[in-house]
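Residue-level listing of the chains:
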Amino acid sequence: MWIPTEHEKYGVVLASFRGTVQHGLPLEIGDTVQILEKCEGWYRGFILKNPNIKGIFPSSYIHLKSAHVKNKGQFETVIPVEDSVITEMTSTLRDWGAMWKQLYVKNEGDLFHRLWHVMNEILDLRRQVLVGHLTHDRMRDVKQHITARLDWGNEQLGLDLVPRREFSMVDPDEISVTELYRLMEHRHRKKETPAPASTHHLFVHVKSLMSANLGEELEVFFHIYDGRENRPLSERFFVKLNKSGLPKSPEKTERQCTLFVDLGSSDLRKDVYIVVHIVRIGRMGAGEKKNLCSVQYRRPFGCAVVSIADLLTADSKDDHLLKVYACNTESEWHQIHENLIKKANSRYNLSGSNTGLAVALQLLHGDIEQLRREYMVLFTRGVSITRKLGFSDVIMPGEMRNDLYITLEKGEFEKGGKSVARNVEITVYVLDIDGQILKSHVAAGAGEPGSDEYHSLVLYHNNSPRWAEQIKLPIPVDMFRGSHVRFEFRHCSTKDKGEKKLFGYSFVPLMQEDGRTLPDGTHELIIHKCEENTSLADCPRYLKMPFSKANLPSNNQTLKGPKESFWITSFLCSTKLTQNGDMLDLLKWRAHPERINDSLSKLKEIDGSEIVKFLQDTLDTLFGILDESSQRYGLKVFDSLVHIINLLQDSKFQHFKPVMDTYIESHFAGALSYRDLIKVLKWYVDRIVDAEHQDHIQQVLKASEYIFKYIIQSRRLFSLATGGQNEEEFRVCIHELFMSIRFFLSQENKSTSPVAQTQAVFLRTFPAVYGELLKIFTVREVAGFVRETLGSLPTAVHADCLEAVKLQCITKTVESQLYINPESRCILLPVVLRVLQAHMQEQKDLVMCARILTSMLSLIKKEENGTAVSVTVEPVVSEEVELIVESLLGVLLRTILEISNRPQPAGPAMRLQFQDVTGEFVACLLALLRQMSDRHYQQLLQAFSSKDNLRDFLLQIFTVFRILIRPEMFSKDWTVMRLVTNNVIITTVLYLSDALRKNFLNDKFDYKVWDSYFYLSVIFINQPCLQLESFSPSKRKKILEKYGDMRVMMGCEIFSMWQNLGEHKLNFIPAMIGPFLEVTLVPQPDLRNVMIPIFHDMMDWEQRRSGNFKQVEAKLIDKLDSLMSEGKGDETYRELFNSIIPLFGPYPSLLKKIERETWRESGISLIATVTRLMERLLDYRDCMKLGEVDGKKIGCTVSLLNFYKTELNKEEMYIRYIHKLYDLHFKAQNYTEASYTLLLYDELLEWSERPLREFLNYPMQSEWQRKEYLHLTIVQNFDRGKCWENGIILCRELADQYESYYDYRNLSKMRMMEASLYDKIMDQQRLEPEFFRVGFYGKKFPFFLRNKEFVCRGHDYERLEAFQQRMLNEFPHAIAMQHVNQPDQTIYQADAQYLQIYAVTPIPESQDVLQRDGVPDNIKSFYKFNHIWRFRYDRPFHKGTKDKENEFKSLWVERTTLTLVQSLPGISRWFEVDKRELVEVSPLENAIEVIENKNLQLRTLITQCQSRQMQNINPLTMCLNGVIDAAVNGGLARYQEAFFVKDYIMNHPEDGDKIGRLRELMFEQAHILEYGLAVHEKFVPQDMRPLHKKLVDQFHLMKSSLGIQEFPAYVRASPVHFTNGSPRTCRNSVPNIISPDGGRGVARRSLPSYPAVNRYSSSSLSSQASNEVSNITGQSESSDEVFNMQPSPSTSSLSSNHSASPNVTSSAPSSARGSPQMAEKHKHSRENACLSPRDRPVSAIFPNPMDPAQRAPPHQIGDATLPRSDPNLSAPDKGSSAKNMRSQSPVSASRSPQKTTVPPFTPSPTECQSTSLVSNSPVLSGSYSSGISSLSRCSVSEASGTELPAGDHASHPLPPPGTLPNSVSSSSDEPIRRENKTPPPYSVYERNNPRRPVPLPHSLSIPPQTDPPALPPKPHQLRTGSMKLDGTSDPRVPRPRPLPRKVSQL
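Please read these numbers as outputs of a predicted model, since none were measured by experiment.

Peer 1: With reference to specific residues and values, describe the nonpolar core.
Peer 2: Counting residues in hydrophobic clusters, the biggest one holds 294 residues, and the most contacted among them are Tyr-710, Met-856, Phe-1014 and Phe-1076. No other element matches the 12 residues that helix α27 (residues 873–901) contributes to this core. Non-local contacts of Met-856, meaning those with residues more than four positions away in its chain, are made with Val-814, Tyr-819, Leu-829, Val-832, Leu-833, Leu-836 and Ile-884. Among the nonpolar cores identified, the runner-up in size contains 57 residues, and Leu-340, Val-424, Ala-444 and Trp-467 belong to it.

Peer 1: So, the pairing of strand β39 (residues 1451–1464): which residues are in play, and what are the values?
Peer 2: A regular strand places its side chains so that they alternate between the two faces of the sheet. In terms of residue burial, β39 counts as a mostly covered element, since 12 of its 14 residues are buried. Inspection of the sheet shows β39 paired to strand β40 (residues 1470–1481) by 8 bridges, in the antiparallel sense. Each bridged residue has a counterpart across the sheet, and for Thr-1457 the counterpart in β40 is Glu-1477. Hairpin geometry of β39 and β40 is characterised by an intervening segment of 5 residues between the two adjacent antiparallel strands.

Peer 1: So what's going on with the side chain of Glu-920? Residues and values would help.
Peer 2: Tracing the backbone through its elements, the reader meets Glu-920 in helix α28 (residues 908–931). Although Glu-920 is buried, it makes no salt bridge; Arg-182 carries the closest opposite charge, 4.7 Å away. Within polar-contact distance, the side chain of Glu-920 engages the side chain of Thr-854 at 2.9 Å.

Peer 1: Before we move on, can you summarise the pattern of salt bridges with the specific residues and values?
Peer 2: Here the structure, examined in full by the defined rule, presents 74 salt bridges. With a closest N to O distance of 2.8 Å, Asp-160 and Lys-1035 form a salt bridge. Within this pair, whereas Asp-160 is found in the loop between α3 (136–156) and β9 (164–165), its partner Lys-1035 is found in helix α33 (residues 1033–1043), the two being separated by 875 residues in sequence. Arg-1047 is the salt-bridge partner of Glu-1029, the closest N and O atoms lying 2.9 Å from each other. Here Glu-1029 is found in the loop between α32 (1007–1021) and α33, whereas its partner Arg-1047 is found in helix α34 (residues 1046–1061), with 18 residues between them in sequence. Judged by its relative accessible area of 37%, Glu-1029 is partly exposed. The exposure class assigned to Arg-1047 is buried, which follows from its relative accessible area of 0%. Salt bridges linked by common partners bring Glu-414, Arg-422, Lys-529 and Glu-564 together as one network.

Peer 1: Describe helix α15 (residues 657–667), and please don't skip the residues or the numbers.
Peer 2: If you check which residues of α15 are buried, you get Met-660, Tyr-663 and Ile-664. Considered in projection along α15, the buried side chains sweep an arc of 95° and stay on one side of the axis.

Peer 1: So what's going on with unusual backbone geometry? Which residues, and what values?
Peer 2: Of note, the bond from Leu-1464 into Pro-1465 is cis; its omega dihedral lies within 30 degrees of zero at -5°. Its location among the elements puts Pro-1465 in the loop between β39 and β40. The residue Ala-468 is not glycine, and still its phi comes out positive at about 55°. Mapped onto the secondary structure, Ala-468 falls in strand β26 (residues 466–473). The partly exposed category is assigned to Ala-468, whose relative accessible area is 36%. Despite not being glycine, Tyr-1357 shows a phi value in the positive range, around 65°. With respect to the element layout, Tyr-1357 can be found in the loop between β35 (1348–1353) and α47 (1360–1370).

Peer 1: Can you lay out the packing of aromatic side chains for me, pointing to particular residues and giving the numbers?
Peer 2: Per the stated rule, a full pass over the model turns up 70 aromatic pairs. One aromatic cluster is present, formed by Tyr-674, Phe-708, Phe-718, Phe-730, Phe-738, Phe-744, Phe-762, Phe-766, Tyr-770, Phe-777 and Phe-785 through successive ring pairs. Seen from the ring of Trp-567, Lys-410 lies directly overhead, with NZ or CZ sitting 4.7 Å from the centre. Stacked on the ring of Phe-503, the Lys or Arg Arg-422 has its end atom at 4.0 Å from the ring centre.

Peer 1: Now, about the packing of helix α2 (residues 109–131) against α3: what can you tell me, with residues and values included?
Peer 2: Taken N-terminus to C-terminus, the directions of α2 and α3 make an angle of 155°; their axes are 10 Å apart at the nearest point. Looking at the two axes, α2 sits roughly antiparallel to α3. By crossing handedness, the relation of α2 to α3 is classed as left-handed. Facing α2, whose interface residues are Leu-111, Arg-114, Leu-115, Val-118, Glu-121, Ile-122, Leu-125, Gln-128 and Val-129, α3 presents Arg-138, Met-139, Val-142, His-145, Ile-146, Arg-149, Leu-150, Trp-152, Gly-153 and Gln-156. Tallied by class, the residues present in the contact of α2 with α3 amount to 11 nonpolar, 4 polar and 4 charged.

Peer 1: Could you give an account of the sheet that holds strand β25 (residues 453–455), with specific residues and numbers?
Peer 2: If you walk across this open sheet you meet the 5 strands as β25-β24-β27-β28-β30, and the pairing is antiparallel. Taken across any chain shown, the strands that pair with only one partner, and hence form the sheet edges, are β25 and β30 (528–529). The pairing of strand β24 (residues 424–431) with strand β27 (residues 484–492) spans 8 bridges and is classified as antiparallel. Residue pairing for β27: Thr-427 is matched across the bridge by Glu-488.

Peer 1: Give me the lowdown on the sheet that holds β26, citing residues and values where you can.
Peer 2: A sheet is described by the order of its strands in space; here 4 strands give the open sequence β26-β23-β31-β29, paired in antiparallel fashion. Here the strands that pair on one side only, and so sit at the sheet edges, are β26 and β29 (521–526). On average, each strand axis in the sheet is inclined to that of its neighbour by 25°, with strand direction left out of account. Across 6 bridges, the pairing between β29 and strand β31 (residues 565–574) is antiparallel. Directly across from Ile-526, in β31, lies its bridge partner Ser-565.

Rules of the game
- Residues numbered from 1 in each chain as written.
- Predicted model: local features only at pLDDT ≥ 70, side-chain atom pairs only at ≥ 80, totals over all residues.
- Heavy atoms only, no water.
- Core = buried A, V, L, I, M, F, W, Y, C linked by side-chain atoms within 4.5 Å.
- Buried < 20%, exposed > 50% of the residue type's maximum accessible area, 1.4 Å probe, protein only.
- Helix = DSSP H or I, 4+ residues; strand = E, 2+ residues; numbered from the N terminus.
- Contact = heavy atoms within 4.5 Å.
- Pairing = 2+ DSSP bridges.
- Lys, Arg positive; Asp, Glu negative; His and termini not counted.
- Salt bridge = Lys/Arg side-chain N within 4 Å of Asp/Glu carboxyl O.
- Polar contact = N/O pair within 3.5 Å; in protein donor to acceptor, adjacent residues only side chain to side chain.
- Arc of directions from axis to C-beta.
- Phe/Tyr/Trp six-rings, centres within 6.5 Å; stacked < 30°, edge-to-face > 60°.
- Lys NZ or Arg CZ within 6 Å of the ring centre and 35° of its normal.
- Axes fitted to C-alpha atoms, helices over the stretch in contact; angles between N-to-C directions.
- Parallel < 35°, antiparallel > 145°, perpendicular 65-115°, else oblique.
- Left-handed = near helix turned anticlockwise from the far one by under 90°.
- Nonpolar A, V, L, I, M, F, W, Y, C, P; charged D, E, K, R; others polar.

Following this line, the structure appears as structure tokens:
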């Protein structure tokens, strides 16, 4: 039976559990579970991170942990009982874990590894904390370390800042908002700037001395030296090294490591150095032999110097190798370090090239105790302390030190009868009062223990030696009196014995008779002569003698004779001894009462350090004097006391304050002193107003805190002694004192007056007195004193400084113990509030005001929390809140508004202060609002005297709330603070909304307040910190548990308020549509369900008001666009707007609500429009999130742009998206598409002078200027995109404009630009793009692609595989379909992405240009690949039974023609397919095409070979070889077998003409081959002759196999001749006539040619026919068009369209191209036989027109020569010969000027006088008059177009040579509109007019004429005429929906 658990509530999973049992809950190791019930070894519960799924699990898998249970029962929550740091660590590590994996995925390796290390470190520390074996200090350190690591990780991962107190997380509800702000600020600051340490320590570790010439022991001395003042700063550190240069005692680290302690920040300068002196111990001369002398001397060795500044950069204990310089001249030894510092090293040798002292040096910062904790190893291992000379910057009480430092400076000695100078050595001893040598009291330095004596250096042969050696004498204080130091001088002989002979001594006593020590400074000591054997044991005898030349009696001549002297410098550093006689006099005042006055006067001159040494003694002395003779010395004692108290304010001695406090508490005994102290103090205060000099009085008032301490303590002692006598008298005295104080404070003075400054001094110290007064007076009495004292200050204070001081005084008061007490607080609060209010109103001292307010509000919160049990405090707190609200709420709001609107001050420091004060005030406001209850709000709202005041208040508070919501209000990671802020705001708004409803509705309606309210609500809901969806699950859960979803609360409040508005709703339509829409885009279902009905309401009210809701619609659409582009909204939102889901509460969906209304049709239409717009906007937004520019982004933008134009008629949005699309194209370097895009905006403008406003990046300018700028930009982009023909048209239009304004300068430039474009057409190479058909199938594609097919223009050099790969990269989840068949419905509806890609062939529209003779390929290439609407794809297949012997019999071709919605190129690289047409081509027609194409290829190659356009003859050789070889092996024979047999002719009587045509083509091929072989023979190189011979032989075989003995007449009749053997060629033209021998001209009937639609054929043998790019057609004159076949179904639809590399000969038989005998293995070799695009021939060959005599009537030719059904011709076209007309136009070889007929052609741009680029799309209204005349489409014919009958062509004669060729007049070519297609606006050539068969537009045409015109009209006149023509060209074309013209604003 399952029983609810009592104690087992919470546990951690020890092992993973699969949960395979019934109701089992799967568990992962480490999960935390909450247990609900238990039953026989099983628990039932849930995992905390997923509480919705409950199940059972074994109890043995769970480790139980103790926990608190909140809300016991069904909804209980469990909180583990563990250290809060552990809890935080666990949850943080869980969050990090997920993010850490993401770092790996994002490839952020560096942070990934760093975080991994930190996580491991935290886990290790967590283990230590959990084990619980740490000491208290260690635990503290570990926690500090953990929190530092957690903060680091949170910062790196962009997580929130955690407010902490003592390492534990703080619950924001438990503390005041002001305190929370302080904690956050403190953590934020801590993160920013660590406080610099004031004390520093230098760690030195001596490693070794490296030198080649050692062999003697060394002594190394380190000290810190001030190079600026040339004096040592520290004592010396002394290390002994052995003969190898290593430390003598390596096991004792304190002998080789030291810490130079207590360096101040001022000591870390560049001119402070570490100086090292090295002394050797050994023989006198370094090179002497060993046996000469056994005595050892201390001799100079070398010196090294390093600057401390160099160590500041090196943090680690870097090893330094110090260069050691040897001293050459010993007389300079004392100053070698100074010379090295001055960089005078040249005079010293380096003591060896590799000599150096290896030391580790490290600067440590901070307090010595802190260092002991941080560098524990250092101190436990042992390190000696080397002190500073003198005291550190801060003297600590209790510090014991008594060190006398003596420096042996120099000596002056006589020769002593010797010929050379002496070698003098000094021995130093310390002797006590009894003459005994003090043991171990002479130290050469720290590091080594002290010894009994010290031996100086010996300087060789020097009678004036200078040693500069410092020694330390650490003599105990009690042994100082009577002790002296003795210096013995010996001469060291360098002879054999090496003895040391005593020749004199000096001494110096350490203390004088009066108790003063030896004064600091240099002393010249007398050298007393003595003999070698003199005994110095009898001290008293020589101590009577004078020791210093300074204290010689003036008449003592005996000792003045000798010139010998010895100088020392002494320095005492003692905390107990003094050298000051005045100090001693004062302390011994009883011995000399007459000197008391002097001593008290001199006290002020004594050094502070001397006073603090004897602080207690001095104070005892002062109070002793006061007790004994208060009348006489009272004032002086008081002044001395003031001096000492103020001395302790100095930072150097501030640590002695506790010493004085202790003295007052424990040692002070002046029970009567209080009377004198009060009396003198009052005397001073009374004199303030009249005194001229206030300095001394200010000193007195500065000391008032301690004076009051003495007064109060004295009175307490008196009360204790007397049982409380004279109490009343004391109180009266104090009251009188305060009256005096109040009187002097009440004086009004200017800020500069001394009295004002004295007032300020008193106010600074006054708060410190409260605590003392409380020891005797009650809380109320003290509060009264304070209130009256502060109240006595003048109200109109002129002194700004006094105002600030007054505020500081208030601050300290509020922070004092006195204010914490509720009794005193109620007395003080009004005073404080009054001052605060005054300051805040004047915006003065805001930082202090914020601090005071913060303290006050923190205290209220503490009171509330700390006394939740007590009922008595509640009313007190409530009353205080009421007072604060009444006084400060309004002024606080105004202050925040003022500060926020103030311009930010310059300078980082100022800005920080500015931010601080804003944050502080905001925290105060929030704290205050959080403290307010219902009652407070009611009182607040009732307190307003008028509606206007209430209105102002509401507007103010709403504005402030908006400021608080700003993202910059708090730092990015302050989520905790933001949530608290929002919680307070929503609570307050709920209270205030009632006031809004009651006071500002119906007749009292106030739009401004309501608008402010709604605006606040909207931005509240949209804050980033409330978008819970973006947070991690754990963070979301925490927020929801603590605050709920505040957005929904606010949403409900908006809805409720909206419902209350009634008819006033109309005031907010359409203004609030945008903001409310923004709210509904928040992905929170409940919020949306609440908000969407408001839109229904708006539509309803708008409908009532104006009968439509155009305003709603317009605003909705505008806002949707801007919001979606910001990244808001999602798919669900669209459904919510659209679908009929039963939604939350009583509201059905918006659509359902609308369906009930009378205006439902327009409503549903609006919803449909909005939904469609959202589909596009969502796609646009999703695409824009991607990084690089790709097709998706461009396609998406095109889709949206079209929608705005066609469906919404929103011109401004349309233009905005034009520019967005332009930017995308420009970024992707799609310059042609960019031009077409910008053209859309260009055509909206006219050539007028109308002013246009500033818009996007355009300045304010006239419409003409903007259009000119656009034209130039477009031309520039067409130039970059190599679309020069289009650029030329625009150049002309600009030139016309310049000409009409007579702006010849610009006209000239434009003409030059136009000319340069022509040059580029002729000179530069253009790459021919590939085109690909792409199908996007499946529901996962964006809306604008879903289940649609497009044709895409590939990039340069992009072939099928590359294109397919690019598409798969853009759609990484898509599956490539491996067939070309149309997919079925399952694919359409699949929840996936399918891509179907294959190459397609463009069908050019401009056939006439392509068919014209003599037009260079550079020009033709443009017309081949531009303005293409239709594309073709061929798929070979077998119909019926397949004949294995001859496949051609059943080989059909399925030809698909795709028609696009817009021509390519256009505003996009791809356009949707508008129409598909499927036609089957019969085997016979297929055969005709194959042979036709091959013939054309042969002709082209032969012509190129003849005109020397080929570099080599290989392509022709390969082609000939291929055709002849295939024919011999059965290529053409297979066609004969298939189609020339009786069976076929009988079964297909309708194919008679086609069979004839095929036979004709086969004969023609043989004729061309014969001619080709003749040409080949002329040009073939010698080494290929055998191949040529073989080809000739095979050709004869081929002829015989075809049964050709002689060519038929019509073949022979074809003219194939060149005049005089060399063809006459124009520039860039090709010969018209072919003849193998130049002398004979033969008339030949040309072959009828087929238009481009028919130019590609397929072969059943070619499964990889798509590789044959080089498919030549009747109109295509370049070799790359040879035999271009589409892939067959047997291959992948993605197979390549690559052409093979040039000049690769194919070994495959020619049947690869058409023969039915080609084997499978040869199928791939065909691609080698083709040329790559780069090597394509420049020119091409055209058949000549046939002889007029032999010309058949047009219809006859049409019927006879169209040998197959053309799938691209409509019914009336099939008999038309328009396509074949080119071959029938008689043009003589010499181009004589006689009149002949030619078909219409697309003129080159040179043949046009005025032009423009015009679209034939539905244009925006106004574009007809936009100044761009229309240019009709360049097309001859198309599937659904209309062709002219043949007769029409013949009726137009060519103009005489002097005239320009004319286009067909507009009357003869009535265009027929393409079915089911709205021609789009994107082709340069196709703007206003529907397509015409005649390509020359009206704007380019010139009326037919025979004579040249006298003077042509001006271009702009011509243009206007053409425009009129255009406007009326086709009445049948429906006009597009006009767009209201607003260009003037843009």
